[in-house]
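# Reading the structure
Next come the chains, spelled out residue by residue.
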Amino acid sequence: SHPKEVMPQIIVQSQQGKHLMVTYDKDSGEGGEARQVLNFCNFDFLGMQTSPDLKKASEKALNIYGCGSCGPRGFYGTID
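Here's a quick rundown of the structure. In this text, all values refer to a predicted model and were calculated from it rather than measured experimentally.

## Quick look at the overall build of the chain
- Looking only at helices and strands, the chain features two helices and three strands.
- The helix and strand sequence of the chain, counted from the amino end, reads β-β-β-α-α.
- A separation threshold of at least 6 residues defines the contact pool for the chain, and within that pool the share at least 24 residues apart is 12%.
- Only carbon and sulfur atoms are counted for the fraction: they give 56% of the accessible area of the chain, which is about 7100 Å².

Okay, structure coming up:
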């Protein structure tokens, strides 16, 4: 049988917005230096929540079309 591959343990040092600073355990061969990685466990990993351009576009769309609970666009009259 083949020996099992051991996955390196990742240690989170800090969280900085949508990024994490991580290190690998010393036995992984990856070195102990910290690396910045994208945090995909965060609901805002694309940075869309804090984008001023997206906020302006959202406000413009809400002012034009409003906001409804649900339903077909033809029923609510939101088709240009």
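## Observations regarding a nonpolar patch on the surface
- A cluster of nonpolar residues, Leu46, Met48 and Leu54, forms a patch on the protein surface that exposes about 280 Å² of accessible area.
- Checked against the element boundaries, Leu46 lands in the loop between strand 3 (35–38) and helix 1 (52–65).

## Observations regarding the pairing of strand 1 (residues 10–16)
- Of the pairings in the sheet, the one linking strand 1 to strand 2 (residues 19–24) comprises six bridges and is antiparallel in character. Directly across from Ile11, in strand 2, lies its bridge partner Thr23.
- A loop of two residues connects strand 1 with strand 2, the two strands running antiparallel in sequence, and Gly17 in this loop sits at a positive phi of about 65 degrees.

## Some points on helix 1
- With 14 residues, helix 1 extends 20 Å between its outermost C-alpha atoms, agreeing within 8% with the 20 Å of an ideal straight helix rising 1.5 Å per residue.
- For helix 1, the buried fraction is low: zero of the 14 residues fall into the buried class.

## Some words on the side chain of Asn39
- One can find Asn39 in the loop between strand 3 and helix 1.
- Taking the relative accessible area as the measure of exposure, Asn39 reaches 9% and is therefore buried.
- A polar contact of 3.0 Å, which involves the side chain of Asn39, links it to the backbone nitrogen of Cys41.
- Beyond its immediate stretch of four places on either side in the chain, Asn39 contacts Gln15, Lys18, His19, Leu20 and Phe45.

Thresholds applied
- Residues numbered from 1 in each chain as written.
- Predicted model: local features only at pLDDT ≥ 70, side-chain atom pairs only at ≥ 80, totals over all residues.
- Heavy atoms only, no water.
- Helix = DSSP H or I, 4+ residues; strand = E, 2+ residues; numbered from the N terminus.
- Contact = heavy atoms within 4.5 Å.
- Areas by Shrake-Rupley, 256 points an atom, 1.4 Å probe, with all protein chains shown as cover.
- Patch = residues over 30% accessible without salt bridge, like charges linked within 9 Å, V, L, I, M, F, W, Y side chains within 5 Å.
- Salt bridge = Lys/Arg side-chain N within 4 Å of Asp/Glu carboxyl O.
- Pairing = 2+ DSSP bridges.
- Expected span 1.5 Å × (residues − 1).
- Buried < 20%, exposed > 50% of the residue type's maximum accessible area, 1.4 Å probe, protein only.
- Polar contact = N/O pair within 3.5 Å; in protein donor to acceptor, adjacent residues only side chain to side chain.

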